[in-house]
Every structure is written in C-alpha cells, then in structure tokens.
Amino acid sequence: MPVLIPRSLDVAVEMASSHPDAHILAGGTDLMVEVNFNHRKPETVLALRHVDELRGWTIDAATRTVHIGSAVPFSEMEHGALSEALPALAEAARTVGSPQIRAAGTIGGNLGTCSPAGDSLPVLAAMEATVHLRSTSGERAMPFAEFMTGPKRNARRGDEIITGVSMPIADGWQGYAKVGVRNAMVISVASACLALQSTGPRLALGSVGPVIIRCHDAEALVADRPGAVDAALAAEFGRLAAAASSPIDDHRSTAAYRRHAVSVLAGRLLQRGTARP
Ligand SMILES: Cc1cc2nc3c(=O)[nH]c(=O)nc-3n(C[C@H](O)[C@H](O)[C@H](O)COP(=O)(O)OP(=O)(O)OC[C@H]3O[C@@H](n4cnc5c(N)ncnc54)[C@H](O)[C@@H]3O)c2cc1C
C-alpha cells in the first residue's frame, strides 16, 4: 500500500485533503493492531512521524494554558514540566500499556480512536479541553465533549488532521484512577478523573458509557464544601457518579461491577484530593 510521509504540517494537510480515505498513522499502537487483525485494510496510509509541528507541547504562563501536539507520546506526559502542569494526565499516561506502548502511543491517537477506555480522555473531559483540527479549509477547534460523539466515533472529518489539544493548567488538586482485570498492561474496566479546579470540581468517567461522562450532580454536591470530606460525603459522591454512568456488560466486565467500581474510584479520588497533609 502507498505510505505518504509528509515532512511538514502544511504538506500533511494537503495530503489529507487529496487522500481523504487515507488512514492516518501516528504511533500505530491502535492502527497496526487493527490492520494485523484484518479489521482495517488501508489502501493508503498517511504517516505523521516526521511532522515536527505535531510533536511539541507548550505551557503558556500568561494564559495559564497547556497545548499538547497530537503526536506527543504518553512517555512525555509522565514526568517533567508537563506532568507538573497536568498531574492527572501524567497519572493517566503512566497507566497506559507498557513502556513501549507509551513511547509510541500518542494523545492524538487516543483521540483518533476515541475508545471510552482511552486513558487520556477522562482527563480531557474533566479539564474541558479543546481539540484542534486542521484541513485545507482552515482550523477548527471544539470542546472535547463535542469531539467525542460515540464509542470509537468522533467529529473529525476525513480530510482533517488532529493537530493537538489545549486545556488550562491545573490550579488545584487533580487525580486519575482506573480499574482493570490486572495491575499493569490493562485496558480500563472503569476509570475516573477528578480535577478540583478553582472554578469548581470536575469529575469525568471512562469505560462506563458510550462516551466519557461528566458527573454534574456529583460535582454540585461538593462545589461549596471546601476542606476534608468524611466517609459519608465521599460515599454519596460515589453514588452520584455511579448514577451518572451507563455501563454495559462486555468481555471485560459487567455493568454492575463497573457501576460499583466508578462509585469507589470517585469517592476515593475525592478523599485523596481533599485530605490535608
Ligand atoms: C498492548 C497495548 C496496550 C494498550 N494499552 C492502552 C491503555 O492502557 N490505555 C489506552 O488508552 N490505550 C491503550 N492502548 C491503545 C493505544 O496505545 C492508544 O489508544 C494510543 O493513544 C494510540 O495512539 P497511536 O499514536 O499509537 O495511534 P495510531 O494507532 O497511530 O492511530 C489511532 C487512530 O487515530 C487516528 N489518528 C492518529 N493520529 C491522528 C491525527 N493526528 N489526526 C487524525 N487521526 C489520527 C488513526 O488514523 C487511527 O484511527 C494499547 C494498545 C496496545 C497495542
């Protein structure tokens, strides 16, 4: 099959426009699995490995915004300045696959696949991230909540390249937790991100619905309650999180277990986030 290898974003966008059916390849940790299992048979591949503009990230102190290029791998989010700006993203990145998968797999690929189990996605939902796309018609930016339209579905047009994602720097505690069938190298059965931003608490759940779910009732419960949280309030927070979820039974877990798991994860995150040292 032909593999298109652009060396700049402008050329990549031109190629995506002239080959809207091309399968975009970033780290290949999802795409090549699908090709190997014959679930996808690309006639043309558009490989982004050499598009340097997609591989950088910036932290803008003036606007207190983080921008992460779509081809930034999870391994770069785990440590350093990016992990200090977005601790929950770092925690999520550390749970992805193995070191090899984290070195190859990118945030743009997580967005491109848009699995409800994608580990970066609850963080993007909780941080109300903006997804940036580009085509020959120009740039589009949309909230992550509008970008993800269903399980493995998103609002990207065939001629568009996801260029990156931006979100505010954490200005309060934030954390990510997931449950899987074992402790490492595991796709989540249920996951949760809690961000205690100065504008209010934000809770988002993964793997318990067709899209990432924001839990507005749980957020409202603790919005005006600064300080440590007792076990009863944490349990109620978890109950509201479970009530917002709409999990299914599948080969990884049952809906009932997933509902229980997100209630525990949400309650624990709240207690961790509000505990005084
Ligand atoms: C062994 C293994 C373990 C894994 N464990 C986890 C895990 O724990 N958590 C998790 O979340 N995921 C996991 N994954 C899935 C995968 O690693 C992630 O989804 C990763 O983010 C995919 O990124 P990638 O760069 O490899 O994407 P690719 O495979 O290159 O692409 C994925 C999809 O996104 C599209 N795409 C990629 N970049 C762009 C772009 N810039 N613009 C438009 N479309 C684009 C591609 O066309 C494709 O449809 C695992 C995969 C494997 C093989």
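Residues numbered from 1 in each chain as written. Predicted model: local features only at pLDDT ≥ 70, side-chain atom pairs only at ≥ 80, totals over all residues. Heavy atoms only, no water.

Asker: How do you make sense of the pattern of salt bridges when you look at a structure like this?
Answerer: Close approach of charged atoms allows side chains with opposite charge to pair. Counted according to the given criterion, the structure contains 13 salt bridges. When the shortest N-O distance is used, the salt bridge between Glu-160 and Arg-140 registers 2.7 Å. Note that Glu-160 is positioned in the loop between β9 (153-154) and β10 (161-168) and Arg-140 in strand β7 (residues 138-143), a separation of 20 residues in sequence. For Glu-160, a relative accessible area of 0% gives the class buried. For Arg-258, the salt bridge goes to Asp-250, with nearest N and O atoms at 3.1 Å. Residue Arg-258 is classed as buried on the basis of its relative accessible area, which comes to 3%. Connected through shared salt-bridge partners, Glu-128, Arg-202, Arg-214 and Glu-219 make up one network. (Salt bridge = Lys/Arg side-chain N within 4 Å of Asp/Glu carboxyl O. Helix = DSSP H or I, 4+ residues; strand = E, 2+ residues; numbered from the N terminus. Buried < 20%, exposed > 50% of the residue type's maximum accessible area, 1.4 Å probe, protein only.)

Asker: Could you clarify how one ought to interpret the nonpolar core in this entry?
Answerer: It is characteristic of soluble globular proteins that their nonpolar side chains tend to be buried jointly. By size, the foremost hydrophobic cluster in this structure holds 38 residues, and its most contacted members are Ile-68, Leu-111, Leu-124, Phe-144 and Phe-147. The biggest single contributor to this core is helix α7 (residues 121-126), with 5 residues. Per-domain counts for this core show at least three residues from each of domain 1 (3-49 + 61-168) and domain 2 (174-274). Leu-124 has contacts with Ile-107, Leu-111, Ala-129, Phe-144, Val-165 and Met-167, leaving out every residue within four places of it along the chain. (Core = buried A, V, L, I, M, F, W, Y, C linked by side-chain atoms within 4.5 Å. Domains from an automatic or database assignment. Contact = heavy atoms within 4.5 Å.)

Asker: Would you take a moment to explain helix α10 (residues 231-244) for this structure?
Answerer: Because an α-helix completes one turn every 3.6 residues, residues spaced three or four positions apart along the sequence face the same direction. Given a rise of 1.5 Å per residue, 14 residues ought to cover 20 Å, and the 20 Å separating the end C-alpha atoms of α10 matches this to within 8%. Where α10 is buried, its residues touch β12 (190-197), β13 (200-206), α9 (216-222) and α11 (255-274). (Expected span 1.5 Å × (residues − 1).)

Asker: It is not clear to me how the pairing of strand β6 (residues 130-135) should be interpreted in this structure. Could you clarify?
Answerer: Consecutive side chains of a regular strand alternate in pointing toward one face of the sheet and then the other. Alignment of β6 against β7, held across 6 bridges, turns out to be antiparallel. Along β7, the bridge assignment pairs Arg-134 with Glu-139. Taken together, β6 and the strand that follows it, β7, pair antiparallel across an intervening segment of 2 residues. As paired elements, β6 and β10 share 5 bridges and run antiparallel to each other. Bridge assignment links Thr-130 to a residue of β10, and that residue is Ser-166. (Pairing = 2+ DSSP bridges.)

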